[in-house]
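Chain by chain, the residues:
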Amino acid sequence: MHTKKTYTLQEATKKLEHYCAYQERCHQEVRQKLETMHMIPEAIDMIVVHLLKHNFLNEERFAKTFVSGKFKIKKWGRSRLTYELKKKDISKVNINQALAEIENTEYVEVFNALAEKKVQSIKETNVFKKKKKLIDYLLYRGWEMHLVYEKANELIK
């Protein structure tokens, strides 16, 4: 018979301190982790409060780190970033603060570079299909519709 491992409050707290120290986490991820460890709701609340009090868990810091990383590495636009943070139950205030950290000039530069690189890689000869592929790609990445359509019309004639 396979028995599931149980944790004392101290063991679980230590484990979650390491979990949060390793990488920024949001409240939702921490709660899910504790649930998979079969902790009772009262213990989960106590551990979350401990992590918040000792600054292991900070939603504002998580949002800023998330936005910065996904924008720089995956080249996501503001729409996708907002959507993904909302999925993680991050507050509107923290989402807006995190998005405000992206400089507009850098945002436009990254968008233009991404669009131009993608246009080069599309092997389609039909102008309309090529434009659709570019638009779909950029919208999926979360870039704003007006930017996407302007750029598609500018790059593909």
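Computed from a predicted structure; not experimentally measured.

Draft legend 1. A look at the packing of aromatic side chains. Applying the stated rule across the entire model yields six aromatic pairs. Between Y107 and W143, the ring centres sit 4.7 Å apart and the planes meet at 40°, which makes this aromatic pair tilted. Here Y107 is found in helix α7 (residues 104-121), whereas its partner W143 is found in the loop between α8 (127-140) and α9 (145-155), with 36 residues between them in sequence. One exposure class covers both Y107 and W143, and it is buried. Ring centres of F111 and W143 lie 5.2 Å apart, and the angle between their planes is 45°; on these two criteria the pair is classed as tilted.

Draft legend 2. Inspection of the packing of helix α4 (residues 59-73) against helix α5 (residues 78-87) at higher detail. Put simply, α4 and α5 touch, their axes get as near as 11 Å, and they point 140° apart. Here α5 runs oblique to α4, going by the angle between their axes. The two elements α4 and α5 meet at a crossing, and its hand is right-handed. Residue-level contacts link F62, A63, F66, V67, K70 and F71 of α4 to L81, E84 and L85 of α5. A per-class count over the contact of α4 with α5 returns seven nonpolar, no polar and two charged.

Draft legend 3. Region of the structure containing the pattern of salt bridges. Scanning all chains against the criterion turns up 12 salt bridges. A salt bridge links K87 to E84, with the shortest nitrogen-to-oxygen separation between them at 3.4 Å. Of the two residues, K87 and E84 are both situated in helix α5; the distance of three residues between them amounts to about one turn of the helix. One salt bridge in this structure joins K151 and E154, with 3.1 Å as the shortest N-O distance. Residue K151 and its partner E154 are both found in helix α9; the two are separated by three residues, about one turn of the helix. Here the residues in one salt-bridge network are E60, K64 and E101, joined through shared partners.

Draft legend 4. Expanded view of the side chain of K130. Take K130: it is sitting in helix α8. One buried charge, K130, has no salt-bridge partner; the nearest side chain with opposite charge is E124, at 9.2 Å. Contact partners of K130, with chain neighbours within four places excluded, come to V119, I122, E124 and I156.

Draft legend 5. Region of the structure containing unusual backbone geometry. You will see that H38, though not glycine, has its phi angle at about 60°, which is positive. Mapped onto the elements of the fold, H38 is located in the loop between α2 (27-36) and α3 (41-53). A relative accessible area of 48% means that H38 is categorised as partly exposed. Its identity is not glycine, yet N55 carries a phi of approximately 60°, on the positive side.

About the thresholds
- Residues numbered from 1 in each chain as written.
- Predicted model: local features only at pLDDT ≥ 70, side-chain atom pairs only at ≥ 80, totals over all residues.
- Heavy atoms only, no water.
- Phe/Tyr/Trp six-rings, centres within 6.5 Å; stacked < 30°, edge-to-face > 60°.
- Helix = DSSP H or I, 4+ residues; strand = E, 2+ residues; numbered from the N terminus.
- Buried < 20%, exposed > 50% of the residue type's maximum accessible area, 1.4 Å probe, protein only.
- Axes fitted to C-alpha atoms, helices over the stretch in contact; angles between N-to-C directions.
- Parallel < 35°, antiparallel > 145°, perpendicular 65-115°, else oblique.
- Left-handed = near helix turned anticlockwise from the far one by under 90°.
- Contact = heavy atoms within 4.5 Å.
- Nonpolar A, V, L, I, M, F, W, Y, C, P; charged D, E, K, R; others polar.
- Salt bridge = Lys/Arg side-chain N within 4 Å of Asp/Glu carboxyl O.
- Lys, Arg positive; Asp, Glu negative; His and termini not counted.

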